[in-house]
Structure formats: C-alpha cells, structure tokens
Amino acid sequence: MRKTLPPLLFLALLAACDKAPAPPAPDVRPVRAEQVGIGADVQPVRYAGEIRARHEADLAFRVGGRVRERSVETGSAVRAGQVIATLDPSDYALAARAARSQLVAAEAEARLAHEDLKRYTELREKNFIAQAELDRRSTAAAAADAQVRALRADAARQANQNSYTRLTAPHAGVVTAVMFEAGQVVAAGQPVVRLAQTGEREVRIDVPENALDALRGAKRLRVRLWAAPDKGYDGRLRELAPMADPATRTYAARVAIAGADEAVRLGMTASVEIEGGDAPALSIPQSALFKVNGQPQVWVVDAKAGTVVARAVALGVLAGERAAVSSGLAAGEWVVTAGVHKLAPGQRVRLVQ
C-alpha cells in the first residue's frame, strides 16, 4: 500500500489539470437611471433681453463741418422737425451766395443774347445779314439759356448744402445715444445721434441654435419686465436673424410686445418666456442623450432582462439641463442618465440609487 499511494496521487493531479477553466462572470455595469415622467415637468424657457424700439436709426449730417451747437442730451424726447444740432454754416453760406451771383450774371447774359437774337431776326427779315449770322445768334441764345439752367441748379444745390448744416429729427422719438460734442469736427454721414421712434416696443434676445425650432413653433410668448415681474405682456416673434453671431454663436431675435404701456421703457431688462401650450410634459436630463447618425437616442433599461436597448426619441423644448420628449418614450420607463457613451446594445446593467 505504501508503494502504490504516490502514483494514485499523481494521477489525481493530472485529472485536475485537464478540466476546462470556469467561464468569466458576466460584465454588469452600474448605471444611474431616471424614471420618465416622475417629477420631470419642463418649466417655460426664459431668455433675458432688453427693451428696444421697433424703429431705431443713427442720424448724421449730410455735410461735414464743425459742430456749433448741440440741442439734445441722452434721454431727450424730441418732436418731428426739432433741431438736434447745427454746424458752422459760414462756408456753405458763402458758397450759396457765390452761386446766386453767378446765376444773376448768367441771366443777364441770357437776356442780352435774346435781345441780340431779336434784332438780328429783324435784320434777316430785311435781308441785311446772312442766315449764318442769325444762326450764330440763335445758338448763343440757346447756350445762354442752358448756362442759366445749370447755374440755377447749382444755386439750389448750394442752398441745400447750407440747409444741411441743421440736423433735425425726422420723426418724434427719444434720443438713446449722443456720439458728439459741440466744437467737434464731424464728417458727412458720421453717426452723431441715435433716435428711437415713439411707438412700438419690442425685446431683443439671443437664442442658441438648438432652441430655434422651439422659438418658431412656440404656442405663446410671454414678456415680463424685471421691474414688474407680476405683469406680463403677449409677445410675437417679429424677426429672427438668419446667421449666428460670430462671437457668441447665438441668433438675435426680436419679439414685439402687444399692448405695451408707459411701464415699458427703453433699455429696461425683460425676459421672454416660451410656452409650448399642449406640449408633452415628459422630460429627461440632457445627459441621457446621445446621437447616432444625427438622431437623438437614449438607453432604455429593460427591467426584466437587466439590459439596455437604444431607442430614438423626438425632442421638444430644451430648458436648462432638461429636454422635453415629444415621442419615443412612455411615462414610467427608465433611461440611463450617466455614462451613456460606455454602453452597448444588450449590455447588462445594475441600477444605482
């Protein structure tokens, strides 16, 4: 018995080495998930903006010169035709006087030419002069008339230049910016005053590119003033920029305010709320989203199998860190909210509270 024991032990060891290795345990990833439709109401999206006038323009002199007088300040209310500023008119007055003097001289020359033409016409009728001489006098009279017309137009132009030294308001409004001082030399066309026309008011806001569709399709826009948050005004999208700002990468939009009263003043801070009307209340965190071929998708947890499956969804309004879901999910389903880029279809997961 002592001689046969070691060989038996050796054979048992060999049999143990021939057994196949045990299969690895399945990879179960812990994930964070959220149940759709539980405490996930989307609040209205708000964009901060500034109250602006519907019509706002930069005013400038049509001629250059030194500013003699400034009659307005920032915030001044002006009426149509009111003088805002004046230039030194001395040079333009001299030019207008010279043009008028030249016109008077040309008119005298034209009268003399016509008197000569009349006399030469009578001489031609008596055959005292040749027809060629009469033609020369007729041509001289026509040239004198043309010179009068040219100088009359130049005199009118110089008179206009002289009147352009007075900058007047084209319409009633409020001065929102003054960009010059008395004594300053300004060039023709250089903006000196910004005038906001009295009347319509609107809010200028900046909208990110992922919210353009929500803004265009909004059922209702509501404008609220920071100074009076309890009072709201109905808004209407009037203008949306076709290109994004190169610095901020946002799109400028203007929302017209219906029924704006005296409380809506230029420069006030306001907010625009985008209300979706009957839009679905289901929402998910934006961290749960990923894209496949440009289509937003989420990982839906199969509670029975303990696995995840990718599902395409249609999004609505994006509000802060959450996104409204218009289709693709049902209330009560679980979606993965963290680590979505580390999962694969059929991946076994374990929910982490």
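Here is a short report on the structure shown in this document. Residue positions are given per chain, counted from 1 along the sequence in the order it is written. pLDDT decides what is reported in this predicted model: residues at 70 or higher carry local features, side-chain atom pairs at 80 or more are listed and counted, and totals for whole chains, interfaces and linings draw on all residues regardless. For side-chain calculations, the full set of non-hydrogen atoms in the structure is used, while hydrogens and water are omitted.

Comments concerning the overall build of the protein
We apply this condition: Numbering goes from the N terminus for both helices and strands, where a helix is a DSSP run of H or I of at least four residues and a strand is a run of E of at least two. Accessibility here uses a 1.4 Å probe with only protein chains present; expressed as a share of the type maximum, an area under 20% marks a residue as buried, one over 50% as exposed, and anything in between as partly exposed. The contact criterion used throughout is that any non-hydrogen atoms of two residues lie within 4.5 Å. To be clear on the numbers: accessible area is Shrake-Rupley with a 1.4 Å probe, and residue cover counts the displayed protein chains and nothing else.
Secondary structure summary: the protein contains four helices and 24 strands in total. Within the protein, the proportion of its 353 residues that are buried is 31%. Taking the intrachain contacts of the protein between residues at least 6 apart in sequence as the baseline, contacts between residues at least 24 apart amount to 73%. Working note: accessible area of the protein is about 21400 Å², and carbon and sulfur atoms make up 53% of it.

Some points on the environment of G64
Within the fold, G64 resides in the loop between β4 (56-60) and β5 (65-70). By relative accessible area, which is 24% here, G64 ends up partly exposed. Along the backbone, G64 and Y164 are 100 residues apart, and their C-alpha atoms lie at a distance of 9.3 Å. Discounting residues that sit within four places of it in the chain, G64 has contacts with L87, Y92, V186, A187 and A188.

Some remarks on the nonpolar core
The line we're drawing: Take the buried Ala, Val, Leu, Ile, Met, Phe, Trp, Tyr and Cys residues and link them wherever side-chain atoms come within 4.5 Å; each set so joined is a nonpolar core.
Grouped together as the largest cluster of nonpolar side chains are 22 residues, with contacts concentrated most on V203, I205, V207 and V223. In terms of residues, this core owes the most to one element, strand β15 (residues 250-257), which gives four residues. For V223, the contacting residues outside a window of four places in its chain are V203, K231, G232, Y233, G235, V255, I257, A270, S271 and V272.

A short note on the sheet that holds strand β9 (residues 173-178)
To keep it simple, the criterion reads: Here, any two strands with at least 2 DSSP bridges between them count as paired.
Strand order in this open sheet of four strands is β4-β11-β9-β6, and the pairing throughout is antiparallel. Two strands bound the open sheet, and with one partner strand each, they are β4 and β6 (77-78). Strand direction decides the pairing type here: β9 and strand β11 (residues 191-197), joined by five bridges, are antiparallel. What sits directly across from V174, in β11, is A196.

What about the sheet that holds β5?
The pairing of strands in a sheet happens through backbone hydrogen bonds and is either parallel or antiparallel. Read across the open sheet, the four strands follow the order β8-β7-β5-β10; overall the sheet is antiparallel. Sheet topology places β8 (166-168) and β10 (185-186) at the edges, where each strand pairs with a single neighbour.

Here we look at the pattern of salt bridges
As a reminder of what qualifies: When a carboxyl oxygen of Asp or Glu is within 4 Å of a side-chain nitrogen of Lys or Arg, the pair counts as a salt bridge.
Taken as a whole, this structure holds 21 salt bridges when the rule is applied. For R70, the salt bridge identified is with E73, shortest N-O distance 2.6 Å. On the basis of relative accessibility, which here comes to 21%, the residue R70 falls in the partly exposed class. Its relative accessible area of 46% is what places E73 among the partly exposed residues. For D213, the salt bridge identified is with R216, shortest N-O distance 3.3 Å.

With respect to the packing of aromatic side chains
To describe a pair of aromatic rings, one takes the distance between the centres and the angle between the planes. Keep this limit in mind: The rule is short: rings of Phe, Tyr and Trp, with Trp giving its six-membered ring, pair when the centres are within 6.5 Å, and they are stacked under 30 degrees, edge-to-face over 60, tilted in between. Two limits define a charge over a ring: the Lys NZ or Arg CZ must be within 6 Å of the ring centre, and within 35 degrees of the ring normal.
Enumeration according to the criterion identifies one aromatic pair in this entry. An angle of 25° between the planes, with centres 5.2 Å apart, marks the rings of F290 and W299 as stacked. Neither residue differs from the other here; F290 and W299 are each classed as buried. Across the ring face of F180, the terminal group of R70 is positioned such that the distance to the ring centre comes to 6.0 Å.

Regarding the side chain of R254
Examined against the element boundaries, R254 turns out to sit in strand β15. The residues touching R254, leaving out its near neighbours within four places in the chain, are R52, A53, E202, V203, R236, L237, R238 and E239.

A look at the environment of R32
Mapped onto the fold, R32 is located in the loop between β1 (28-31) and β2 (33-35). Sequence-wise, R32 and R350 are 318 residues apart; in three dimensions their C-alpha atoms are separated by 8.5 Å.

So, unusual backbone geometry
With a phi close to 65°, N127 is a non-glycine residue in the positive phi region. Topologically, N127 is positioned in the loop between α2 (90-125) and α3 (131-163). When its relative accessible area of 58% is taken as the criterion, N127 is described as exposed. Its identity as a non-glycine residue notwithstanding, R249 has a phi of 60°, on the positive side.

Side note on α3
The following threshold applies: One fewer than the residue count of a helix, multiplied by 1.5 Å, yields its expected span.
Compared with an ideal rise of 1.5 Å per residue, which puts 33 residues at 48 Å, α3 spans 48 Å between its outermost C-alpha atoms and is within 8% of the ideal. Taken as a whole, α3 has its buried residues at E133, L134, A141, A144, V148, L151, A155 and Q158. Looking at the buried positions of α3, the neighbouring elements they touch are α2.

Quick look at the side chain of Q158
Relative to the assigned elements, Q158 resides in helix α3. Apart from the residues within four sequence positions on either side, Q158 is in contact with Y92, A95, A96 and A99.

Thoughts on the pairing of strand β7 (residues 83-87)
The buried fraction of β7 is high, at four of five residues. Where β5 and β7 come together, three bridges link them in antiparallel fashion. Opposite V67, over in β7, you have L87 as the bridge partner. With three bridges joining them, β7 and β8 adopt antiparallel strand pairing.

Observations regarding α2
A rise of 1.5 Å per residue sets the reference length of α2, with its 36 residues, at 52 Å; its end C-alpha atoms lie 53 Å apart and thus fit the reference within 8%. For α2, the full list of buried residues reads Y92, A96, A99, L103, A106, A110, A113, D116, L117 and Y120. Those residues of α2 that are buried lie in contact with α3. N127 occupies a position one or two residues after α2 and carries a positive phi of about 65°.

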